[in-house]
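One-letter residues, chain by chain:
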Amino acid sequence: MLDIKWMRENRDALAEAMRKLNDNTAPWEQALALDERRREILTRVEALRAERNSGSKGIGLLMREKKTAEANALKEEMGRIGDEIDGLDAELRTVDAYFEDAMLRIPNIPEPDVPVAEDESGNQVVKEWGTPPTFDFEPKAHWDLAEKLDIIDFERGVKIAGSRFYVLKGPAARLQRALINWFLDVHTAEHGYTEVYPPFLVREQAMLGTGNLPKFGDVLYRDAEEDYWLIPTAEVPVTNLHRDEILEAGTLPRSYVANTPCFRREKVSAGKDVRGIKRVHQFQKVEMVKFVEPEHGREELEKLTRDAEELAERLGLPYRRVAIATGDLSFVAAIKYDIELWAGGCQEWLEVSSCSLFRDFQARRANIRYRPEEGKGTEFVYTLNGSGLALPRVIIAILENYQQADGSVVVPEVLRPYMGGLEVIA
RNA sequence: GGAGGGAUGGCCGAGUGGACGAUGGCGGUUGUCUUGAAAACAACUGUGGCAGUGAUGUCACCGGGGGUUCGAAUCCCUCUCCCUCCGCCA
């Protein structure tokens, strides 16, 4: 959520930002109009309340002095004011509801250095690491490799749960577990993150806090009878750890890492990427989340992004960092880098991490504040997050890049201690 | 799932319709005293909205939402969470 005061005072900058985002649907003009109307009513209703408050006190005094007739006359007058307040209150409530809803549907403002473009065609590769492997044979896609090795069971996944579900088996299941454990060990032991195990089902309020609702309910799974939503990423429960809290400045930055399943309806992309495990309804992901002071936002984004990239480097997987353009930026992000791994079989760059700075956008929604050491009062924290990393696509990259002519797959060295010393999946 | 009890400021805890944004204690900040510290004493010590350049004024907030009333922390309804007992269960 944006700061309404800032919106009032920077109407032009706001309009310019929405233009850059290529978003014609954001109800920012409605929000500003509703805000004006809201304040108008508020001023009037509060003046009436002040009048009624002092009148009511007067009634109390008169009653004590047994001046019943005067008290009754005053009661009648206050009753009339009360009716007027009720009328304005009802109007205020309606205006407020529309105002809140509009505010929740306005996207974040991009950072000044985000590439400006209408859509993803403006995304910029800002860094490349490693060399895509070359093969002296025809490299296979992971679905072929996995089927031959009998380590991913696509058919039974579909039998049990439908399309876009899969079963990891034997060495593939263990490879995923090895990756998760190694990721968590690196982040906690070397990068200063605290591991958490959060709920995978959350209340609507939590989804509103991170910005997944109200706009993106169509990609979420939910309980039909109760207020439970399945998390699409650990970002949701972990960011909400500190909802409605005031953190002491000395305890910032706070860095958390969590390994959770992620559930996504992937409704928008039906028919796309149906083969393999590139786009699925359920997958495991290790997610990093930070709460920081505003002045350290950008610096922490760089650190977070490096924390993710380092994993790819140590796995020996070629990757590139992509700066996402304004028109392709997610609703909540002020700036976002995607990390994409090269997959030598299907010859594609696969997004395995999105590292974002949200500034105070999520913190305003979730009411996460801190007390600055200097000065008084409270400020909203800045939140950040990024995957480190999403499992299925890392598995794809390992299978495809480390494949050998006979269809076997070499296990990256850093993972061998986590695989019981296994060197080759054959 | 059934029955009952509860939720008050950073923490503990009082308050059952009228001067209560809320007694008191703890904690915190500042000051006095002291060479310094402790102790003692004193003052201050919640969050946010609106109007105003400002001093300031005003409104809201006693778990969330709604209602009754001239007036609600206090009465009623509802939701959430916590506790006790019963049932069930990895």
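Thresholds applied
Residues numbered from 1 in each chain as written. Chains lettered and ligands numbered in written order. Predicted model: local features only at pLDDT ≥ 70, side-chain atom pairs only at ≥ 80, totals over all residues. Heavy atoms only, no water. Polar contact = N/O pair within 3.5 Å; in protein donor to acceptor, adjacent residues only side chain to side chain. Helix = DSSP H or I, 4+ residues; strand = E, 2+ residues; numbered from the N terminus. Salt bridge = Lys/Arg side-chain N within 4 Å of Asp/Glu carboxyl O. Buried < 20%, exposed > 50% of the residue type's maximum accessible area, 1.4 Å probe, protein only. Pairing = 2+ DSSP bridges. Core = buried A, V, L, I, M, F, W, Y, C linked by side-chain atoms within 4.5 Å. Domains from an automatic or database assignment. Contact = heavy atoms within 4.5 Å. Near = heavy atom within 4 Å. Patch = residues over 30% accessible without salt bridge, like charges linked within 9 Å, V, L, I, M, F, W, Y side chains within 5 Å. Areas by Shrake-Rupley, 256 points an atom, 1.4 Å probe, with all protein chains shown as cover. Lys, Arg positive; Asp, Glu negative; His and termini not counted. Charge placed at Lys NZ, Arg CZ, Asp CG, Glu CD. Axes fitted to C-alpha atoms, helices over the stretch in contact; angles between N-to-C directions.

**Regarding helix H6 (residues 154–161)**
Right, on to step 1. Sitting at the amino-terminal end of H6 is Asp153, which places a side-chain oxygen 3.4 Å from the backbone nitrogen of Glu155.
Right, on to step 2. Positioned one or two residues after H6, Gly162 has a phi angle of 100°, which is positive.

**Topic: the pattern of salt bridges**
Right, on to step 1. Per the counting criterion, the structure on display carries 30 salt bridges.
Right, on to step 2. Between Asp35 and Arg38 there is a salt bridge, and its shortest N-O distance comes to 2.9 Å. Of the two residues, Asp35 and Arg38 are both situated in helix H3 (residues 28–64); the distance of three residues between them amounts to about one turn of the helix. There is no split in this pair, since Asp35 and Arg38 are both buried.
Right, on to step 3. Between Arg321 and Glu309 there is a salt bridge; the shortest N-O distance is 2.7 Å. Here Arg321, found in strand S10 (residues 319–323), pairs with Glu309, found in helix H10 (residues 297–315); they are 12 residues apart in sequence, far enough to count as distant. Comparing Arg321 with Glu309 shows no difference in burial state: the two are buried.

**A word on the pairing of strand S11 (residues 335–343)**
Right, on to step 1. The element S11 is extensively covered by neighbouring structure, given that nine of its nine residues are classed as buried.
Right, on to step 2. Residues Ile335, Tyr337, Ile339, Leu341 and Ala343 point to one face of S11 and Lys336, Asp338, Glu340 and Trp342 to the other, with burial holding for every one of them.
Right, on to step 3. Sheet analysis places S10 next to S11, joined by five bridges and oriented antiparallel. The partner of Arg320 across the bridge, within S11, is Glu340.

**Observations concerning the sheet that holds strand S13 (residues 368–371)**
Strand pairing in a sheet takes place through backbone hydrogen bonds and is either antiparallel or parallel in direction.
Right, on to step 1. Taken in spatial order, the three strands make up an open sheet running S7-S13-S14, and their pairing is mixed. Edge positions in the open sheet fall to strand S7 (245–248) and strand S14 (379–380), since each of these has one partner strand only.
Right, on to step 2. In terms of strand pairing, S7 meets S13 through four bridges, oriented parallel. Residue pairing across strands places Leu247 opposite Tyr370, the latter belonging to S13.

**Some words on the nonpolar core**
Right, on to step 1. Counting 110 residues, the largest nonpolar core has Met7, Ile152, Leu179, Phe183, Val394 and Leu415 as the members making the most contacts within it.
Right, on to step 2. With 10 residues, the top contributor of residues to this core is helix H4 (residues 68–104).
Right, on to step 3. The residues that make up this core include at least three from each of domain 1 (4–104) and domain 2 (120–425).
Right, on to step 4. Setting aside anything within four residues of it in sequence, one finds Leu415 in contact with Leu175, Ala178, Leu179, Trp182, Leu315 and Ile398.
Right, on to step 5. Judged by nonpolar contacts, the second largest core, of 15 residues, contains Leu247, Ile368, Tyr370 and Val381.

**Here's the deal with the protein's contact with RNA strand B**
Right, on to step 1. Every one of the 24 residues lining RNA strand B counts as a neighbour, but Arg8, Glu46, Leu61, Arg203 and Thr378 are closest to it.
Right, on to step 2. Here the atoms of RNA strand B within 4 Å of the protein split so that 68% fall in sugar or phosphate, with bases taking the remainder.
Right, on to step 3. Between RNA strand B and Arg39, the relevant distance is 3.0 Å, taken from a phosphate oxygen to a side-chain nitrogen or oxygen of the residue.
Right, on to step 4. In this structure, a sugar or linking oxygen belonging to RNA strand B sits 3.5 Å away from a side-chain N or O atom of Thr43.
Right, on to step 5. Among the elements of the structure, helix H1 (4–9), H3, H4 and S13 are those that each provide at least two residues to the surface near RNA strand B.

**Brief notes about a negative patch on the surface**
Right, on to step 1. A grouping of Glu51, Glu77, Asp83, Glu84 and Asp86 is seen on the molecular surface, where their side chains present a negatively charged patch.
Right, on to step 2. At four residues, H4 tops the list of elements feeding residues into the negative patch.
Right, on to step 3. Position of Glu51 among the secondary structure elements: in helix H3.

**Here we look at the sheet that holds strand S9 (residues 282–292)**
Right, on to step 1. In spatial order, the strands read S1-S10-S11-S12-S15-S9-S8-S4; together these eight strands make up an open sheet with mixed pairing. Bordering the open sheet on either side are strand S1 (124–129) and strand S4 (194–195), each of which pairs with just one other strand.
Right, on to step 2. Here strand S8 (residues 254–263) runs beside S9; their pairing, made up of 10 bridges, is antiparallel. Bridge pairing links Arg254 to Phe291 in S9.
Right, on to step 3. Across the face of the sheet, helix H7 (residues 171–189) comes into contact with S4, S8, S9 and strand S15 (382–390) while running at roughly 5° to S9.
Right, on to step 4. This element, H10, spans S1, S9, S10, S11, strand S12 (348–357) and S15 of the sheet and lies at about 5° to S15.

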